[in-house]
Amino acid sequence: MSVNIDSRVVAPGSDDFVDEAWQLKEEINRQEGVLKQRYNFFTDAYRRSTVHCYVQDEELIGFAAVRRDGYILFLAVSPDYRGEGIGKRLIAHVAEDHETITCHARTSNENALQFYEHLGFEIKRRIDNYYEDGGDAYYLKLGSDVGLADRISDLIRR
């Protein structure tokens, strides 16, 4: 990962990087057909979350918005920066604060499912019609039973 990339944390209630996060999410939505949330839903959830960000030259290149219980509401990495370990590092930041991490992923989002599986997440259940557009989701969990912090630390070192 480039030395010009900074890690930042946006506290709940802050608007820091919210517009940039929306633009990144929308770019991914246009390219991949995922992350289809409406603006008000997205900005509301973002502002209620702790958001771990990676920024290069003041440009947001990845973020994870996380609830207090370790549920990842949004995880996005710019397509230009994928494969550089940013997603893993975002998950590692979340793991520092939570014993378990959970999220939903579209059943059709192969990139996300492969990413989460590689990190050791397990599909706990399928939920039909989970998304507003009728899309189905998997509920995924990475839990304390596998030594979450140690597992993520090992992945980062690879």
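Everything that follows concerns the structure shown earlier in this document.
A brief look at the structure comes next. (Residues numbered from 1 in each chain as written. Predicted model: local features only at pLDDT ≥ 70, side-chain atom pairs only at ≥ 80, totals over all residues. Heavy atoms only, no water.)

Our focus in this paragraph is the nonpolar core. Ranked by size, the top nonpolar core spans 25 residues in total, and within it Ile-86, Ile-91, Tyr-116, Phe-121 and Leu-140 carry the most contacts. Within the residue set of this core, elements represented by two or more residues are β3 (59-66), β4 (71-77), α3 (86-97), β5 (101-106), α4 (110-119) and β7 (137-142). In terms of residue count, the dominant contributor to this core is α3 (5 residues). In terms of nonpolar packing, the next biggest core, distinct from the first, is built from 20 residues, Ala-45, Tyr-46, Val-51 and Val-55 among them. (Core = buried A, V, L, I, M, F, W, Y, C linked by side-chain atoms within 4.5 Å. Buried < 20%, exposed > 50% of the residue type's maximum accessible area, 1.4 Å probe, protein only. Helix = DSSP H or I, 4+ residues; strand = E, 2+ residues; numbered from the N terminus.)

Where charged atoms from two side chains of opposite charge approach closely, those side chains can pair. Taken as a whole, this structure holds 13 salt bridges when the rule is applied. Via salt bridges that share partners, Asp-6, Arg-8 and Glu-58 belong to a single interconnected network. (Salt bridge = Lys/Arg side-chain N within 4 Å of Asp/Glu carboxyl O.)

This part takes up helix α2 (residues 39-48). Owing to its 3.6 residues per turn, the α-helix brings residues three or four apart onto one side. Taken together, the buried positions of α2 are occupied by Phe-42, Thr-43, Ala-45 and Tyr-46. For α2, the buried positions fall inside an angular range of 165 degrees around the axis, keeping them on one side. Looking at α2, the residues exposed on the side facing more than 90 degrees away from the buried face are Asn-40 and Arg-48. Contacts from the buried residues of α2 go to β1 (5-10), α1 (18-32), β2 (50-56), β3 and β4. (Arc of directions from axis to C-beta. Contact = heavy atoms within 4.5 Å.)

Attention now moves to the packing of aromatic side chains. Here the distance between the centres and the angle between the planes together describe a pair of aromatic rings. Under the defined criterion, the tally for this structure stands at 10 aromatic pairs. Their ring planes at 65 degrees and their centres at 6.3 Å tell us that Tyr-46 and Phe-63 sit as a pair that is edge-to-face. Of the two residues, Tyr-46 is situated in helix α2 and Phe-63 in strand β3; the sequence distance between them amounts to 17 residues. Across the pair, Phe-63 and Tyr-46 agree in class, each one buried. Taking the centre distance of 4.9 Å and the plane angle of 65 degrees together, the rings of Tyr-116 and Phe-121 count as edge-to-face. (Phe/Tyr/Trp six-rings, centres within 6.5 Å; stacked < 30°, edge-to-face > 60°.)

This next bit is on unusual backbone geometry. The general pattern is negative phi for most residues beyond glycine and trans for most peptide bonds. You will see that Phe-17, though not glycine, has its phi angle at about 65 degrees, which is positive. Note on placement: Phe-17 falls in the loop between β1 and α1. Look at Phe-17 and you get buried, because its relative accessible area is 12%. With a phi angle near 55 degrees, Asn-129 is a residue other than glycine that sits in the positive phi range. Within the element layout of this structure, Asn-129 appears in the loop between β6 (122-127) and β7.

Here His-93 shows up in helix α3. Side chain to side chain, His-93 and Ser-7 meet in a polar contact 3.4 Å long. Among the polar contacts listed, one links the side chain of His-93 to the side chain of Tyr-54, at a separation of 3.0 Å. Once residues lying within four places of it in the same chain are set aside, the contact partners of His-93 are Ser-7, His-52 and Tyr-54. (Polar contact = N/O pair within 3.5 Å; in protein donor to acceptor, adjacent residues only side chain to side chain.)

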